[in-house]
Structures are given as C-alpha cells and as structure tokens.
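What follows is each chain in one-letter form.
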Amino acid sequence: MSLDWIYYGISWILLRWHALWDTIGIPEGRVLGTNWAWILSIVFLVVTLRVILFPVFVKQIKSQRAMQALQPKVKELQEKHKGDRETLQKEMMELYKVEKANPLMGCLPMFLQIPVFLGLFHVLRRLNPENPRPTLYGWTADQFRDATHSALFTTPLPAKFGSTPAELTQLGAHSGVTVKIIAGILVLTMMATTYLTSRQMILKTGWAEDPQQKMIQRLMLYGIPLSLLVSGSLFPIGVVIYWVTNNMFSLAQQQWVLRKFPPPQMAGRSGGSTARPAAGGAAKNGSKNPVQPANRGLFGRKQAEPEAQTPVVDTKALAPKPGAKPVNPKKGARPANKPKG
C-alpha cells in the first residue's frame, strides 16, 4: 500500500508551520548559526502529530487498564480449564464480552501510529540537496533548497555523525568537528530520553512476573537505547531532532496518563491504607516486590516518606457503660482501707 498520502499530509503540516513562523517574523537567515524557522517547524510538526494521535493513545491506555483489571479472572479461567484450550478460549471471549473489554484495542492504536511516524521519518530523511525530486509531496524548489541548506549551530540538517569529509564539504559544513559534537550530543540525548521513557513506565507499573515479558522489558529498557548508538550515527540531524522531540513529548504525555489512569498496582497504593507484607515475607519468598515503591521518582531517587501518625484513641468507647458493675482487677484482694477484725 502506498504511503504517499501520509507523505503529502506530513509535508503540508511542516510547510504550514514554516509559513506561520515566517509570518510571525522569525528570520529566514541564521541566528547563532541556526535557521530557527525550520527547526521550530520540525519540533511543532512532531507536537501536531502527537496531539492528533492523543485520543487514540488514551483509548489504548484505557483498554490496557481494563485488561489488567481482568487478569485475576483470566487466571481463574486458566486454572479451571487447564488442558481444555477450546473451552478456555470460549470462556475468555465471553468474559471480554460481558466486561466490554477488547484485547485488540491495546495493540491497534500502536499499529495506526507506525505509518505516521514512518512517513515523518521519510519526509525528513529526504531533505538532501542531492535529492533528484525536490518538488515531490507539495514542496516548491525554493522551499526545498531553504530546508536542505538550514542548520543547527552551523551543522546542516542533512548532515550525520558518520558523514564523510566529502559529504560535509558538499553540504557546506565549515567544521567536521562541530558536526560530530552537535550530532553526538543529539544522539546521546535521543538515547537518554528513550531510556527514561521506558524506565518511567517500569517504575510505575513494576517488572513483569513472567520471565518472557520481563526479558522484553529489559530489551526495551537497555537494548533499544544501545541500538540507537549505532543507528543514530546514520540519521540526519533533522531526523534526530524529530526523535528527541518525540521522546520529550512521550515523557510528558506518559506522566500525565499514569496520573490520570493509574495501573492497578498504583491504584491499590493511592488509598489511605496500604496493606504491608508480614515481616520476613520477602525473605521467605526469596524475591523482591515486582512493583517499584511509590516513593521513588523518575530517576530512582527516594522521596521523603510521610511521618507516622499517632493513632487516635476513642475515649468514649473505653468508658464504662451506664449501669455496668465495676470490675475489680484483682478479685478477692483485700481493700487497703478496710479495718482489720
């Protein structure tokens, strides 16, 4: 299936933002070695697409929360119909129908987002002076030339960390060292924000108990950021700016969603009273609590714990009821003021 309609839409949004900055009066020339109109156009292109996809993202989170809430019932059905796969599938479909939960909704929004971000990546990657079709996807020759000769702190947007000296000369880069410094900082920022996005989710929802799911979590947390160290050196500066902006938006959006729609583990801790395990329980199980403590922040720093409150004693409940006989704590004891016979 052709994605040209996505490429045209993304190009239209990018060019409309550039026209807006031009109308406001942001200069076309370089200020501090940067063409701010094109940099801001890339940043707000990402923001626009994320805002458009935000309702889809919320539906995905709601579906995931509904599925998490049904996990105890699903486990009961798995134990009840162990070995009878056909009956188990039938009972689970009935459960989803009664509870109005759709397991596909947790994955469908993600698949809808993939072509959008692939299209954005494609549009930014083709901003190269050597592109033989500059007027494709609604661009004019002047717009394409201005975009491909734009720079971030004198580093051309089509340049890469791994660009050869010949390529940098062709792009008009004055210093290969500057290109590598700017590109290196952006790639490291891209890796760090990708790591923090995964870490934020794991800190709030906890590590999975299933070994395979836990392996996937570790891959998301460590493997993907490390892979960007290699692939990031092959990305043009414009694409890396897109990726960093997308990660920043994801961090803020994810923080809002986790507060608005907390997972079941967080919902259980948000109340006034929290059940605590018995002393030595962790040692008996030989495993740590898979859910991260609620008093840890994004960077794992321990936050201040609330002070322990002294329990309030109900004196009315301890007072003797009207008409009740006094209770002698020491039955048969001789009163101190009773005269001896």
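Residues numbered from 1 in each chain as written. Predicted model: local features only at pLDDT ≥ 70, side-chain atom pairs only at ≥ 80, totals over all residues. Heavy atoms only, no water.

Caption draft 1: A look at the overall build of the chain. Each helix and strand counted, the chain has 13 helices and two strands in total. Among the 341 residues that make up the chain, the fraction classed as buried is 36%. Here the analysis covers contacts within the chain between residues at least 6 apart in sequence; of these, 71% occur between residues at least 24 apart. Here the chain displays about 22400 Å² of accessible surface, and carbon together with sulfur accounts for 62% of that area. (Helix = DSSP H or I, 4+ residues; strand = E, 2+ residues; numbered from the N terminus. Buried < 20%, exposed > 50% of the residue type's maximum accessible area, 1.4 Å probe, protein only. Contact = heavy atoms within 4.5 Å. Areas by Shrake-Rupley, 256 points an atom, 1.4 Å probe, with all protein chains shown as cover.)

Caption draft 2: Representation of the pattern of salt bridges. The tally for this structure, following the rule as stated, stands at two salt bridges. Residue Glu79 pairs with Lys82 through a salt bridge whose shortest N-O separation is 3.4 Å. For Glu79, a relative accessible area of 56% translates into the label exposed. Residue Arg145 pairs with Asp142 through a salt bridge whose shortest N-O separation is 3.0 Å. Of the two residues, Arg145 and Asp142 both sit in helix H6 (residues 141-148), three residues apart, roughly one turn of that helix. Looking at Arg145, the relative accessible area reads 42%, which means it is partly exposed. Under the relative-accessibility criterion, Asp142 is labelled partly exposed at 46%. (Salt bridge = Lys/Arg side-chain N within 4 Å of Asp/Glu carboxyl O.)

Caption draft 3: Main features of the side chain of Thr34. Relative to the helices and strands, Thr34 is located in the loop between helix H1 (4-24) and helix H2 (36-69). With a relative accessible area of 0%, Thr34 lands in the buried category. Non-local contacts of Thr34, meaning those with residues more than four positions away in its chain, are made with Gly29, Ile39, Ala151, Leu152 and Phe153.

Caption draft 4: Region of the structure containing a nonpolar patch on the surface. Together, Val31, Leu32 and Phe153 give the surface a local cluster of nonpolar side chains, amounting to about 290 Å² of exposed area. In this fold, Val31 is placed in the loop between H1 and H2. (Patch = residues over 30% accessible without salt bridge, like charges linked within 9 Å, V, L, I, M, F, W, Y side chains within 5 Å.)

Caption draft 5: Expanded view of the nonpolar core. Core analysis: the largest hydrophobic core is formed by 42 residues, its most contacted members being Leu120, Leu124, Trp139, Leu152, Ile241 and Tyr242. When contributions to this core are tallied by element, the ones reaching two or more residues are H1, H2, helix H5 (108-125), H6, helix H8 (176-205) and helix H10 (237-260). With seven residues, H2 is the single largest residue contributor to this core. When neighbours within four sequence positions are excluded, Tyr242 is seen to be in contact with Ile42, Val46, Phe117, Leu120 and Leu124. Residues Leu77, Leu88, Met92 and Leu95 belong to the second largest nonpolar core, which totals nine residues. (Core = buried A, V, L, I, M, F, W, Y, C linked by side-chain atoms within 4.5 Å.)

Caption draft 6: Expanded view of the packing of aromatic side chains. In this structure the tally under the stated criterion is 13 aromatic pairs. On the numbers, 6.2 Å between centres and 40° between planes, the contact of Tyr195 with Tyr222 is tilted. Taken together, the residues Tyr195 in helix H8 and Tyr222 in helix H9 (residues 211-231) connect sequence positions 27 residues apart. Taken together, the ring pairs in this structure connect Phe121, Phe235, Tyr242 and Trp243 into an aromatic cluster. The ring of Phe161 carries Lys180 above its face, with NZ or CZ at 4.7 Å from the centroid. (Phe/Tyr/Trp six-rings, centres within 6.5 Å; stacked < 30°, edge-to-face > 60°. Lys NZ or Arg CZ within 6 Å of the ring centre and 35° of its normal.)

Caption draft 7: How the structure looks around H1. When the terminal C-alpha atoms of H1 are compared, their 30 Å separation across 21 residues agrees well with the 30 Å that a helix rising 1.5 Å per residue should span. Turning to H1, its buried residues number three or more, namely Ile6, Tyr7, Ile10, Ser11, Ile13, Leu14, Leu15, His18 and Trp21. Backbone geometry just downstream of H1 places Gly25 in the positive-phi region, at approximately 115°. (Expected span 1.5 Å × (residues − 1).)

Caption draft 8: Structural detail: the confidence of the model for the chain. This prediction gives the chain a mean pLDDT of 76; 72% of its residues lie at or above 70. Contacts for the low-pLDDT stretch residues 266-296, under 50 throughout, to residues beyond four places or in other chains number 27 contacts. (pLDDT = per-residue confidence, 0-100.)

Caption draft 9: The arrangement of the packing of helix H3 (residues 71-80) against helix H4 (residues 85-99) in detail. Their axes nearest at 10 Å, the elements H3 and H4 cross at an angle of 160°. Judged on the interaxial angle alone, H4 and H3 are roughly antiparallel. Helix-helix and strand crossings are classified by hand; for H3 and H4 the assignment is right-handed. Across from Lys73, Val74, Leu77 and Gln78 in H3, the residues of H4 making contact are Leu88, Glu91, Met92, Leu95, Tyr96 and Glu99. (Axes fitted to C-alpha atoms, helices over the stretch in contact; angles between N-to-C directions. Parallel < 35°, antiparallel > 145°, perpendicular 65-115°, else oblique. Left-handed = near helix turned anticlockwise from the far one by under 90°.)

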